[in-house]
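Close look at the chain arrangement
These are the residues of each chain, in order.
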Amino acid sequence: MEQIDWKAGMDMKIREANMKDAEGIASVHVASWKTTYKGIISDSYLSQLSVEKSKQSWNWTFRHLRPDEGVYVALNDEGTIVGFASGGRNRNVEFGHDGELYAIYLLKDFQGQGIGRSLFRAVVESLESKGLSSLMVWVLHRNSSEGFYKALGGKEIGRKEIVIGSERHLEIAYGWDRWQDIILQRI
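Residues numbered from 1 in each chain as written. Predicted model: local features only at pLDDT ≥ 70, side-chain atom pairs only at ≥ 80, totals over all residues. Heavy atoms only, no water.

For the rest of this paragraph, the subject is the nonpolar core. If you look at the biggest cluster of nonpolar residues, it comprises 26 residues, and the most contacted ones within it are Leu-101, Ile-115, Leu-119, Phe-120, Tyr-149 and Trp-176. Breaking this core down by element, the ones donating at least two residues are strand 2 (10–16), strand 3 (70–75), strand 4 (81–89), strand 5 (99–106), helix 4 (115–129), strand 6 (135–140) and strand 8 (167–176). Top element by residues in this core is helix 4. It accounts for seven residues. Among the nonpolar cores identified, the runner-up in size contains 22 residues, and Ile-40, Ile-41, Phe-62 and Ala-103 belong to it. (Core = buried A, V, L, I, M, F, W, Y, C linked by side-chain atoms within 4.5 Å. Buried < 20%, exposed > 50% of the residue type's maximum accessible area, 1.4 Å probe, protein only. Helix = DSSP H or I, 4+ residues; strand = E, 2+ residues; numbered from the N terminus.)

By the secondary structure assignment, Arg-91 is in the loop between strand 4 and strand 5. A relative accessible area of 51% means that Arg-91 is categorised as exposed. In this structure, the C-alpha to C-alpha distance between Arg-91 and Tyr-102, residues 11 residues apart in sequence, is 9.1 Å. Excluding residues that lie within four positions of it along the chain, Arg-91 makes contacts with Glu-100 and Tyr-102. Polar side-chain contacts of Arg-91 include one of 2.9 Å to the side chain of Glu-100. (Contact = heavy atoms within 4.5 Å. Polar contact = N/O pair within 3.5 Å; in protein donor to acceptor, adjacent residues only side chain to side chain.)

This brings us to unusual backbone geometry. Even without being a glycine, Arg-142 presents a positive backbone phi close to 75 degrees. Position of Arg-142 relative to the elements: it lies in the loop between strand 6 and helix 5 (145–151). Of the residues examined, Arg-142 reaches a relative accessible area of 53% and is grouped as exposed.

Below, the discussion takes up the environment of Gly-175. Relative to the assigned elements, Gly-175 resides in strand 8. For Gly-175, a relative accessible area of 5% gives the class buried. Sequence-wise, Gly-175 and Lys-155 are 20 residues apart; in three dimensions their C-alpha atoms are separated by 5.3 Å. Each residue touching Gly-175, except ones within four places of it in the same chain, is listed here: His-97, Leu-135, Met-136, Gly-153, Gly-154, Lys-155 and Ile-157.

Let us now look at the pairing of strand 6. Of all six residues making up strand 6, six are buried, and the element is well covered by its neighbours. Note: strand 5 against strand 6, three bridges, orientation parallel. Of the residues in strand 6, the one forming a bridge with Gly-99 is Leu-135. Between strand 5 and its parallel partner strand 6, the chain crosses via helix 4, and the hand of that crossover is right-handed. Sheet topology places strand 6 next to strand 8; six bridges connect them, and they run antiparallel. Paired with Val-137 across the bridge in strand 8 is Tyr-174. (Pairing = 2+ DSSP bridges. Right-handed = clockwise from strand over helix to strand, strands pointing away.)

What follows covers the side chain of Ser-32. Following the sequence through the fold, Ser-32 ends up in helix 1 (residues 22–36). There is a polar contact of 3.2 Å between the side chain of Ser-32 and the backbone oxygen of His-29. What Ser-32 contacts, discounting residues up to four positions off in sequence, is Tyr-37, Tyr-105 and Leu-106.

Right, dumping it as structure tokens:
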């Protein structure tokens, strides 16, 4: 477990998650969707998001984690989950990157403090330890996190249209060809 001091008076811990973290992860997942995607995804869709449904999904995820997958949480000094990230082998065969960042979300009050970078690093280090050497992520267009991935050196490698609720949205794939492109220069 890695402990990181983020700013005076606040200790943050990044650690591997487990089934007991499902509710905390679900809470962050739903809350961050409601703030991150406001104005991008319809309010009616966002208002229907449920921590209970998300918790059920995360419980399923933990029961079915493959050996190449990992989930990491960021905890504040009170031990509350304020962010999470997950990744594993790339699920997109059309791309040459062997690893994929599946998700990374932080509560709005904890964004811009370096926590996202540390969660990103936890996934990268996990994938590297499992023999993977490159990474990609899908990002909803017009999402403020596009700048986060670009700042980490991600290059656009693809686009696709997806449907969320009844609306069509554009997702952009960002990729890193080598771990060194991420770790040595940007994190």
